Amino acid sequence: MISPSWMTEDRDEEKAEEEKESIMSAESEGITPKKRKTQSLDSTANERTALTESIASDDDGDNDDDDDDDEEIQDDASAMDAAVSGLHSKIMNDNPTADELVSEVRAVQTFCALPRNERAFLLLAALYYEDTERLLSPPKSADKQVLIALLKECGANGLICGLEKIATVTNSLLAPKFPILLKFLYDADVLEEQQLLQWYKAEPNRDIDLPEAVSDSDHSALLKATLPFIKWLEEADEEDDDDDDDDDDDD
């Protein structure tokens, strides 16, 4: 909207009058135009300095937070290593029963303030300590007893999620062979068909089952690698259902 000319003229006169009064007031205080300009520049510089210091202070705070996070991660890793090492020593020196081992891992996990979803991993890492390749063969009798006890403690999803961490964090060479690992546990009657299918189809529970160190992409990669095995299980299940139907017809 364009203002009438008379409004513009009045505003120009008012503005000129205000500037005149400002100059007269400054001169009465001994402030020359040059000094006024210098003061204005100094004020701007001070504002910039204050802003820079504020930003630097915020950055220092962020860095402190990052340092705290790094220390927390290191503490968790140290606690995890100590827990696994202690459990492995107990296995080697005390020859505990499977149930005793499960009780021990529960106590260690609580004492070390580790998440519940690490419980299966702790015992698996101790059981296959520096020998995770052993998972790519049929489980020995003693190992099988521990796996079954761990299954009762953590459930099928918890056990498999613990194995996920073994295959993605402890020894990533196991990741592409994950279905072979599961097949051996299936053949040994440690894991049942429905338990494997449920693990494959269900969204993992990170609070209870899946450790934080196993990323979503790692989990997805294991699912992809396991798909042929899952399809084989489903086809075998369908064949069993067909056989049952034939038996019913014969009766």
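Quick caveat, the model's predicted, so the values are computed rather than measured. (Residues numbered from 1 in each chain as written. Predicted model: local features only at pLDDT ≥ 70, side-chain atom pairs only at ≥ 80, totals over all residues. Heavy atoms only, no water.)

Draft legend 1. Representation of the confidence of the model for the protein within the structure. Looking at the protein as a whole, its pLDDT mean stands at 82, while 65% of the residues score no less than 70. Considering only residues more than four positions removed or in separate chains, one finds that residues 1-9, a stretch of pLDDT under 50, has two contacts. (pLDDT = per-residue confidence, 0-100. Contact = heavy atoms within 4.5 Å.)

Draft legend 2. A look at the packing of helix α6 (residues 178-187) against helix α7 (residues 193-201). With their axes 10 Å apart at the nearest point, α6 and α7 run at an angle of 150° to one another. By the criterion of interaxial angle, the relationship of α6 to α7 is roughly antiparallel. You can see that α6 and α7 cross each other, and the crossing is right-handed. On the side of α6, the interface is formed by Phe 178, Leu 182 and Tyr 186, while α7 contributes Glu 193, Leu 196 and Trp 199. (Axes fitted to C-alpha atoms, helices over the stretch in contact; angles between N-to-C directions. Helix = DSSP H or I, 4+ residues; strand = E, 2+ residues; numbered from the N terminus. Parallel < 35°, antiparallel > 145°, perpendicular 65-115°, else oblique. Left-handed = near helix turned anticlockwise from the far one by under 90°.)

Draft legend 3. Main features of the pattern of salt bridges. According to the stated counting rule, one finds nine salt bridges in the structure shown. Between Lys 90 and Asp 94 there is a salt bridge, and its shortest N-O distance comes to 3.4 Å. Linking Lys 90 with Asp 94, this pair stays in helix α2 (residues 33-94), spanning four residues, or about one helical turn. On the basis of relative accessible area, Lys 90 is assigned to the partly exposed category, the value being 21%. With a closest N to O distance of 3.4 Å, Glu 234 and Lys 201 form a salt bridge. (Salt bridge = Lys/Arg side-chain N within 4 Å of Asp/Glu carboxyl O. Buried < 20%, exposed > 50% of the residue type's maximum accessible area, 1.4 Å probe, protein only.)

Draft legend 4. Inspection of unusual backbone geometry at higher detail. In this structure, Asn 95 takes a positive phi of about 50° despite not being glycine. By the element assignment, Asn 95 lies in the loop between α2 and α3 (98-111). Overall, Asn 95 belongs to the exposed group, its relative accessible area being 67%. The residue Asp 189 is not glycine, and still its phi comes out positive at about 65°. As for its position among the elements, Asp 189 is in the loop between α6 and α7.

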